[in-house]
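The chain contents come next:
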Amino acid sequence: MNLREAAPRRDYLSVAPDCEELGRRAAHTIAETVHRRSDAVISLTTGHTMAGVYKRLGELCRAGTLDLGATRLISSEEYAGVGGGDLISLFGWLRRDLLDPCGVPPAAVLRLAGDAPDATAECRRFDAAIDGLGGIDLVVQSIGPNGHFGFNEPGSARDAPSRVVDLAASTHQSNSHYWPDGARVPERGLTMGVRATLRAKHVLLLASGAPKAEALARAVEGPIGEDVPCSLLRLATRLTILADAGAMERLRR
Ligand code: GLP
């Protein structure tokens, strides 16, 4: 298939009025996946956009309407050289925002150990473990300002495995806002690859706020290609994009 010829599909795009509603709707999609199959395999990311999603999932767990006890969760990226207990660990963030509030033991989550002595072997182990789970039912990702997802930066191939990557300068800069002043954000990361993402049964991509508007327009209306990794998600078996009004600003149609 010639990737450049694939026509933009718009039927998968859903608009939320604001970030809070976006979080509620994304949480609803996750909860529905779990209700359909309690041992569903679900891959999750971190970042500010996910905060509202985790807040809502925590509420559902506390209310007893959601139980993640049997769900097989995956944490899709980590900084290189950073252990799960480190102050700036992405897994630590997932633990605080979702696992602890929902009573999920951290050991039950498949993750990339950023501090593994051989990061490349760790990525291979991670991909093999995903295969061992029988693939992923739902991948939840959030678009980066340069069109990345996870740490799949521009230049990522559609069949890229999970791997160690150099973070783009803009990613490094945006990630530095997550952590207290003085925290040193690593320049490399381990990420679930494009290949495992595209093999998932369903990909949910979130986009919140005007800083994501240009990247979203390129991902949805531009050609499918490596320079905008989120555009590759249009090759997924099933893609849902959930965007708020700010992120929709640059879509032409
Ligand atoms: C983190 C994730 C990226 C994601 C980004 C979005 O950096 N590793 O995968 O693109 O968050 O961040 P935010 O929601 O804070 O804009």
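Everything quoted here is computed from the prediction, not taken from an experiment. (Residues numbered from 1 in each chain as written. Predicted model: local features only at pLDDT ≥ 70, side-chain atom pairs only at ≥ 80, totals over all residues. Heavy atoms only, no water.)

1. Describing the nonpolar core
Condition: Throughout, nonpolar core names a set of buried Ala, Val, Leu, Ile, Met, Phe, Trp, Tyr and Cys residues whose side chains join them through atoms within 4.5 Å. For every residue, the accessible area (1.4 Å probe, protein chains only) is compared with the maximum for its type, and the residue is labelled buried under 20%, exposed over 50%, or partly exposed between those bounds. Each helix corresponds to a stretch of at least 4 residues labelled H or I by DSSP, and each strand to a stretch of at least 2 residues labelled E; elements are numbered beginning at the N terminus. Residue contacts follow a heavy-atom distance rule, with two residues in contact if any of their heavy atoms lie within 4.5 Å.
Ranked by size, the top nonpolar core spans 40 residues in total, and within it I74, I130, I136, M192, L216, L233 and I241 carry the most contacts. Elements with a minimum of two residues in this core: α4 (119-132), α6 (194-198), β9 (202-207), α7 (213-221), β10 (239-244) and α8 (245-248). In terms of residue count, the dominant contributor to this core is α7 (five residues). Look past the residues within four positions of I74 in its chain and what remains in contact with it is V41, I42, S43, L44, V109, L110, F126, I130, L133, I136 and M192. Among the nonpolar cores identified, the runner-up in size contains 31 residues, and L44, C61, L98 and L204 belong to it.

2. Considerations on the layout of surface pockets
Picture a little ball the size of a water molecule; that probe, rolled over the atoms, points out where space is still empty. Our working definition: Definitions used throughout: a 1 Å grid over protein atoms alone; a cavity as a set of points that fits a 1.4 Å probe which cannot get out; a pocket as an open set with protein on both sides within 12 Å along at least five of seven lines; a lining residue as one with an atom within 4 Å of a point. Grid points are joined across faces, edges and corners, and a volume is the space filled by probe spheres set on the points. When residues are sorted by character, Ala, Val, Leu, Ile, Met, Phe, Trp, Tyr, Cys and Pro go into the nonpolar class, Asp, Glu, Lys and Arg into the charged class, and all the rest, Gly among them, into the polar class.
Size it by volume and the largest pocket reaches roughly 410 Å³. Taken together, 23 residues form the lining of the largest pocket, with G47, H48, S174, Y178 and K212 sitting closest to its centre. Top contributing element to the lining of the largest pocket by residue count: helix α5 (residues 169-176), with three residues. In terms of residue class, the lining of the largest pocket is built from six nonpolar, 15 polar and two charged.

3. Some remarks on the sheet that holds β9
Convention followed: A pair of strands is considered paired only if DSSP assigns at least 2 bridges between the two. Axis angles are defined between N-to-C directions and span 0 to 180 degrees, where every axis is a line fitted to C-alpha atoms and, for a helix, only to the segment in contact.
Read across the open sheet, the seven strands follow the order β1-β10-β9-β6-β2-β3-β5; overall the sheet is parallel. Edge positions in the sheet fall to β1 (13-16) and β5 (110-111), since each has one partner strand and no second. Judged from the four bridges that link them, β1 and β10 form a sheet pairing that is parallel. In the sheet register, A16 faces β10, and the bridge partner there is D244. Strands in contact with helix α3 (residues 90-102) are β2 (41-44), β3 (72-75) and β5; relative to β3, the strand with the most contacts, it is inclined by about 140°.

4. Some details on the side chain of H148
Counted only if it meets this: Here a polar contact is recorded for every N or O atom pair within 3.5 Å, except that within protein the pair must consist of a potential hydrogen donor and a potential acceptor, and residues adjacent in sequence are included only if both atoms are side-chain atoms.
Checked against the element boundaries, H148 lands in the loop between β6 (138-142) and β7 (163-166). Here the side chain of H148 touches E153 through a polar contact of 3.0 Å, side chain to side chain. Among the polar contacts made by the side chain of H148, one reaches the side chain of T171 at a distance of 3.2 Å. In this view, H148 contacts S142, I143, E153, P154, T171, P229 and C230; residues no more than four positions away in its chain are not counted.

5. Quick notes on the environment of E187
Position of E187 among the secondary structure elements: in the loop between α5 and β8 (188-191). The spacing of E187 and E21 is 166 residues in sequence and 33 Å in space, taken between C-alpha atoms. Once residues within four sequence positions are removed from consideration, E187 is found in contact with V165, D166, L167 and H172.

6. A short note on the packing of helix α2 (residues 48-62) against α3
For any two helices packed against each other, the geometry comes down to the angle between their axes and how far apart the axes lie. As a reminder, the rule being used: Any angle between 65 and 115 degrees counts as roughly perpendicular, while under 35 counts as roughly parallel, over 145 as roughly antiparallel, and the rest as oblique. Crossings are classed by handedness, with left-handed meaning an anticlockwise turn of the near helix from the far one by less than a right angle and right-handed meaning a clockwise turn.
Interaxial distance between α2 and α3 falls to 8 Å at its minimum, and their mutual angle equals 15°. It follows that α2 is roughly parallel to α3 by the angle criterion. Helix-helix and strand crossings are classified by hand; for α2 and α3 the assignment is left-handed. Of α3, the residues touching α2 (which contributes H48, A51, Y54, L57, G58, C61 and R62) are W93, L94, D97, L98, P101 and C102.

7. Here we look at the confidence of the model for the chain
Defined as follows: Residue-level confidence of the predictor is what pLDDT reports, using numbers from 0 through 100.
On average, the chain scores 94 in pLDDT, and the residues at 70 or more come to 96%. The low-confidence segment residues 1-5, where pLDDT is below 50, has nine contacts with residues more than four positions distant or belonging to other chains.

8. What about the sheet that holds β7?
One open sheet accounts for three strands, arranged β4-β8-β7; its pairing is antiparallel. Looking at which strands have only one partner, the edges of the open sheet turn out to be β4 (77-79) and β7. Averaged over all adjacent pairs, the angle separating strand axes in this sheet is 30°, with direction ignored. Note that β7 and β8 share four bridges and pair antiparallel. Bridging across to β8, D166 finds its partner in R188.

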